[in-house]
Amino acid sequence: MIFQITYSSVAKPELTITDIEEIMAEAIENNSANDITGCLIFNQGYFLQILEGNKQNVMNLLDKIRLDDRHDHVIILSEGLTDSRTFKEWAMSYYHNPSNTNLNKEEQAIKETLIDLSNTSKKPNFPLKVFWYNVRNLLSERGYYKPPR
Ligand SMILES: Cc1cc2nc3c(=O)[nH]c(=O)nc-3n(C[C@H](O)[C@H](O)[C@H](O)COP(=O)(O)O)c2cc1C
């Protein structure tokens, strides 16, 4: 069984795109070594991340992430065991919601969930399965959604 956990956190206001690229590089390197996969989203000053893999490995990583001073207020939104990984092709993928107004259905659905999540700070077990499924589909179709320059 694969353990999956989704948390949100508040990014430090001074964080830059370069910082996020650094986090991604560290994540890809370490996660590959620990058989962890997932996706990171940065949106309006918030992070949303799903981590998946062996439960002990994921919890050890989360302990480390909690101590990271590039963000604060880590809140677990959903966790549990599942049959298969949603992001099995990616040690860590990055999704940036496009800022244009011509969003397709999946992009629009993702945007709405991100708004819902930022409206209330605490939403344990928010139904995130469809949300991450949509993100995964977009990433598969279009590749890496890079942070904007
Ligand atoms: C929002 C956020 C997400 C992160 N995601 C990961 C991750 O998926 N994997 C990882 O190894 N580190 C991640 N990090 C970085 C870790 O907190 C830590 O800095 C990194 O693992 C380096 O640890 P090391 O010095 O033991 O190599 C993340 C940090 C932040 C702020």
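Residues numbered from 1 in each chain as written. Predicted model: local features only at pLDDT ≥ 70, side-chain atom pairs only at ≥ 80, totals over all residues.

Trainee: Got a minute to help me understand the confidence of the model for the chain in this structure?
Mentor: In low-pLDDT regions, the fine details of the predicted coordinates are not to be read closely. Within the chain, residue pLDDT values average 89, and 91% of them lie at 70 or more. The spread of mean pLDDT over the elements of the chain runs between helix H3 (residues 105-119), the lowest at 86, and helix H2 (residues 55-66), the highest at 98. (pLDDT = per-residue confidence, 0-100. Helix = DSSP H or I, 4+ residues; strand = E, 2+ residues; numbered from the N terminus.)

Trainee: Honestly, the environment of Phe87 in this entry has me stumped. Any pointers?
Mentor: Residue placement: Phe87 occurs in the loop between strand S4 (71-82) and strand S5 (93-95). For Phe87, a count of 21 C-beta atoms within 10 Å gives the class buried. Leaving out residues up to four positions away in the same chain, Phe87 has contacts with Thr37, Gly38, Cys39, Ile50, Glu52, Ser93 and Arg136. (Buried ≥ 20, exposed ≤ 12 C-beta atoms within 10 Å, placed from the backbone. Contact = placed C-beta atoms within 7 Å.)

Trainee: I'm lost on the site of the ligand in this one. Help?
Mentor: Around the ligand, the surrounding shell holds 16 residues, and the nearest of these are Ala27, Asn30, Phe47, Asp68 and Arg70. Of the residues forming the shell around the ligand, the biggest block, five residues, is contributed by helix H1 (residues 17-34). Each residue belonging to the shell around the ligand can be placed in one class, and the counts come to seven nonpolar, five polar and four charged. (Near = placed C-beta within 6 Å. Nonpolar A, V, L, I, M, F, W, Y, C, P; charged D, E, K, R; others polar.)

Trainee: Sorry, what's going on with the sheet that holds strand S1 (residues 2-11) here?
Mentor: Neighbouring strands of a sheet are bound in pairs by backbone hydrogen bonds; such pairs are parallel or else antiparallel. A sheet is described by the order of its strands in space; here five strands give the open sequence S4-S1-S3-S2-S5, paired in mixed fashion. Where the open sheet ends on each side, the last strands, each with one partner, are S4 and S5. In this sheet, neighbouring strand axes are inclined to one another by 15° on average, regardless of whether the strands run parallel or antiparallel. Relative to strand S3 (residues 46-53), strand S2 (residues 37-43) is paired through seven bridges, and the arrangement is antiparallel. Pairing of Gly38 across the sheet is with Leu51, part of S3. Running at roughly 155° to S3, H2 makes contact with S1, S3 and S4 of the sheet. (Pairing = 2+ DSSP bridges. Axes fitted to C-alpha atoms, helices over the stretch in contact; angles between N-to-C directions.)

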